[in-house]
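# Residue-level structural notes
So you can see what is in the structure, the chains are spelled out below.
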Amino acid sequence: QELALKSLGNEGLFLFSSLDTNKDLYLSPEEFKPIAEKLTGVAPVSEAEEEETPDPDGETLSIVAKFQPLVMETMTKSKDGFLGISHVALSGLRNWTAPAAPMSVLLARQFKAFLPPKNNLELGEPWWIIPSELNIFTGYLSNNRFYPPPPKGKEVIIHRLLSMFHPRPFVRTRFAPQGAVACIQASSSFYYTIAFRIHAEFQLNEPPNFPFWFSPGQFTGYIVLSKDSSHIRDFRLFVPNDRSLNVDMEWLYGASESSNMEVDIGYLPQMELESTGPSVPSVIHDEDGNVLDSRDPSGEPIQFVFEDITWQQEIPWQEAAHRLQVAMYPFKKISYLPFTEAFERAQAEKKLVHSILLWGALDDQASCASSVPGSGRTLRETVLESSPILTLLNESFISSWSLVKELEELQSNRENEFYSKLAKLHLEKYNFPVEMIICLPNGTVIHHINANYFLDITSMKPEDVESSIFSFSTNFEDPSTATYLQFLKEGLQRAKPYLQP
């Protein structure tokens, strides 16, 4: 390591390390491949793509990419004019104004990766197209990388699709939950509608610049395909844009894994792939097997007529999307209602509101400060998905999570004074990055704790914790679960005088 540093310098060693995936201080041909492709401009066909022998009678699907760049003004750092942030750091982001490939033609058979496994044919039952290999115990993958590893197996089609947006998609994210999950939304005699959710991210910078990670909250969508994947009726993949912030961004400021990292979050109006129509045969044969001209006598392309699909079983899109979300995030086994709806439900059911207020989303990958210990990611992967917490929240609370930005907008909206007051009471208690709040149905906050403080005290020894409010329970070995349980119970205790019939 010292010799390498002496030979290459900090920046050189940083680039070398980003390619040296097994950290043995030697570059294998596979590890050197991204640089070879960059210098020669030639990308060899991957093994997985070589396995795809085109069927001369197979169908092809035309897909268009639609992309509107990130709205720079939605980034927090835009408020002070990106003060102190070098123009070079954001160059990859600013220069990404259009899709890398506005249109692509793919073989229908390549989409067989979206078909369900033979033993999983129940409507709405999730299965993993690409299983997540990370969890809270395994940690996360290196930030110090520029070039994605070669995709394998079912990763190939997803990598190919995402490459239409940008040349450097990482099919496996640095942080859990990784991968892609799917379920059957509808089924007929010959067709499926498959709903899917993909967690992936992009590396926008290249050497000599430092890495800049661009992580959309999620990619979701559906595919309507025949059960043998020979024909595709419809395909759509997109980043949801229904929340005010939907992309997490992180960039390094130095030539090592421990270098300073900036984080921000912003809004991406459109990132979408859509088929232009059903897949069509690449070669047309008559009844005797003779190849026909694909154009009619007047020179116009032959028009294909497709039969209507009669669905025998079907679930709503919202239900399928929720099933996929719970597969990615077990803490969503209980409902997290929109902010104002949570208070209305709490009033009707005479329950407390368990509210989580944070800078970025709780239930997708735009989760704000991914590398910050007290981020929403840390909470959802630990206490919020533990059985005792899920049980107590389900029995005694109405749960909700909100973006700080959305509550600031609600507070300034004077059309509904009650909602404005609810938002104000929440924001008064908020500290970065995440605040957990327990309140009465009228919005009065009776208990709250910041995620950073919560993590600090759960990492201490029980005898060092002074506050009796967060004393450890002997019933649970996990101090995080025990402490959060105590936080919730303390809230219930404090609320008793107000919730008496």
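Residues numbered from 1 in each chain as written. Predicted model: local features only at pLDDT ≥ 70, side-chain atom pairs only at ≥ 80, totals over all residues. Heavy atoms only, no water.

### Remarks on the overall build of the chain
The secondary structure content of the chain amounts to 13 helices and 22 strands. Taking all 501 residues of the chain together, 50% fall into the buried category. Pairs at least 24 residues apart make up 71% of the contacts formed inside the chain by residues separated by at least 6 positions. (Helix = DSSP H or I, 4+ residues; strand = E, 2+ residues; numbered from the N terminus. Buried < 20%, exposed > 50% of the residue type's maximum accessible area, 1.4 Å probe, protein only. Contact = heavy atoms within 4.5 Å.)

### A closer look at the packing of aromatic side chains
Given two aromatic rings, their pairing is described by the distance between the two centres and the angle made by the two planes. Considering all chains together, one arrives at 22 aromatic pairs under this definition. Between Phe165 and Phe219, the aromatic rings sit 6.3 Å apart at their centres with planes inclined by 25°, giving stacked as the arrangement. Taken together, the positions of Phe165 in the loop between α5 (155-162) and β4 (169-170) and Phe219 in strand β9 (residues 219-226) put the pair 54 residues apart, joining distant regions of the chain. For the pair Phe165 and Phe219, one class covers both residues: buried. (Phe/Tyr/Trp six-rings, centres within 6.5 Å; stacked < 30°, edge-to-face > 60°.)

### A few points about the pattern of salt bridges
Summed over all chains, the structure comprises 18 salt bridges. Put simply, Glu155 and Arg172 hold a salt bridge, and the shortest N to O gap is 3.0 Å. With a gap of 17 residues between them, Glu155 in helix α5 and Arg172 in the loop between β4 and β5 (179-187) connect regions that are remote in the sequence. Two residues, Arg168 and Glu206, come together in a salt bridge whose shortest N-O distance is 3.4 Å. Linking Arg168 in the loop between α5 and β4 with Glu206 in the loop between β7 (201-203) and β8 (212-216), this pair joins segments that are 38 residues apart in sequence. Note on accessibility: Arg168 and Glu206 belong to one class, buried. Where salt bridges share partners, they join Glu133, Glu155 and Arg172 into one cluster. (Salt bridge = Lys/Arg side-chain N within 4 Å of Asp/Glu carboxyl O.)

### What about the nonpolar core?
Counting 119 residues, the largest nonpolar core has Phe111 and Phe235 as the members making the most contacts within it. Residue assignment places this core across two domains, with domain 2 (59-281 + 306-325) and domain 3 (330-499) each supplying three or more. Apart from residues no more than four positions distant in its own chain, Phe111 is found in contact with Leu61, Ile63, Leu106, Ile157, Leu161, Ile223, Leu225, Ile232 and Phe235. (Core = buried A, V, L, I, M, F, W, Y, C linked by side-chain atoms within 4.5 Å. Domains from an automatic or database assignment.)

### Quick notes on the pairing of strand β13 (residues 270-275)
Where strand β1 (residues 59-68) and β13 come together, six bridges link them in antiparallel fashion. Residue pairing for β13: Gln68 is matched across the bridge by Gln270. In terms of strand pairing, strand β10 (residues 232-238) meets β13 through three bridges, oriented antiparallel. Looking at β13, one finds that Phe238 is bridged to Glu272. (Pairing = 2+ DSSP bridges.)

### Description of the side chain of His354
Tracing the chain through its elements places His354 in strand β19 (residues 352-358). With a relative accessible area of 0%, His354 lands in the buried category. In terms of polar contacts, His354 uses its side chain to reach the side chain of Tyr484, at 2.7 Å. Those residues within four positions of His354 in sequence are excluded, and the remaining contacts are Tyr336, Leu384, Leu393, Phe397, Ile398, Ser399, Ser400, Ile437, Tyr484 and Leu488. (Polar contact = N/O pair within 3.5 Å; in protein donor to acceptor, adjacent residues only side chain to side chain.)

### Quick notes on the environment of Leu324
Of note, Leu324 is situated in helix α6 (residues 317-328). On the basis of relative accessible area, Leu324 is assigned to the buried category, the value being 1%. Here the alpha-carbon distance between Leu324 and Gly124, two residues 200 residues apart in the chain, equals 8.4 Å.

### Section: the sheet that holds strand β18 (residues 336-337)
Strand order in the open sheet formed by five strands is β18-β20-β19-β21-β22, and the pairing between neighbours is mixed. Only two strands of the sheet have a single neighbouring strand rather than two, namely β18 and β22 (445-450). Of the pairings in the sheet, the one linking β18 to strand β20 (residues 397-403) comprises two bridges and is parallel in character. Counterpart to Tyr336 in the pairing with β20 is Ser399. Helix-sheet contacts for helix α12 (residues 451-458) involve β21 (434-439) and β22, and the interaxial angle to β22 is about 65°. Helix α13 (residues 479-499) contacts β19, β20, β21 and β22 of the sheet and is inclined by roughly 165° relative to β22. (Axes fitted to C-alpha atoms, helices over the stretch in contact; angles between N-to-C directions.)

### Notes on the packing of helix α9 (residues 387-396) against α13
Between two packed helices, the angle of one axis relative to the other and the distance separating the axes together describe the packing. One way to put it is that α9 packs onto α13 with a least axis distance of 10 Å and a crossing angle of 15°. The orientation of α9 relative to α13 falls into the category roughly parallel. As α9 packs across α13, the resulting crossing turns out to be left-handed. Here Pro388, Ile389, Leu392, Leu393 and Ser396 of α9 come into contact with α13, specifically with Thr481, Tyr484, Leu485, Leu488, Lys489 and Leu492. (Parallel < 35°, antiparallel > 145°, perpendicular 65-115°, else oblique. Left-handed = near helix turned anticlockwise from the far one by under 90°.)

### Observations concerning unusual backbone geometry
Cis geometry marks the peptide bond from Pro207 to Pro208; its omega dihedral reads 10°. Mapped onto the elements of the fold, Pro208 is located in the loop between β7 and β8. A cis amide bond links Phe432 with the next residue in sequence, Pro433, at an omega value of 0°. Tracing the backbone through its elements, the reader meets Pro433 in the loop between α11 (417-429) and β21.

### Side note on the sheet that holds strand β12 (residues 261-266)
Read from one edge to the other, the open sheet built from five strands follows the order β4-β7-β8-β11-β12, with strand pairing classed as antiparallel. On the outer flanks of this sheet lie β4 and β12, each paired with one strand and no other.

### As for the confidence of the model for the chain
Confidence in the prediction of the chain, expressed as mean pLDDT, is 85, and 83% of residues score 70 or more. Every residue in residues 45-51 is under pLDDT 50, and counting partners more than four places away or in other chains gives six contacts. A low-confidence stretch, residues 468-476 stays under pLDDT 50, and its non-local contacts, those more than four residues away or across chains, total 24 contacts. (pLDDT = per-residue confidence, 0-100.)

### Structural notes on the pairing of β19
Here β19 lies mainly inside the structure; seven of its seven residues are buried. Of the two faces of β19, the one lined by Leu352, His354, Ile356 and Leu358 and the one lined by Val353, Ser355 and Leu357 are each fully buried. As paired elements, β19 and β20 share seven bridges and run parallel to each other. Residue pairing in the sheet places Val353 in a bridge with Ile398 of β20. Bridge count between β19 and β21: six bridges; the pairing is antiparallel. Across the sheet, the residue bridging to His354 is Ile438, located in β21.

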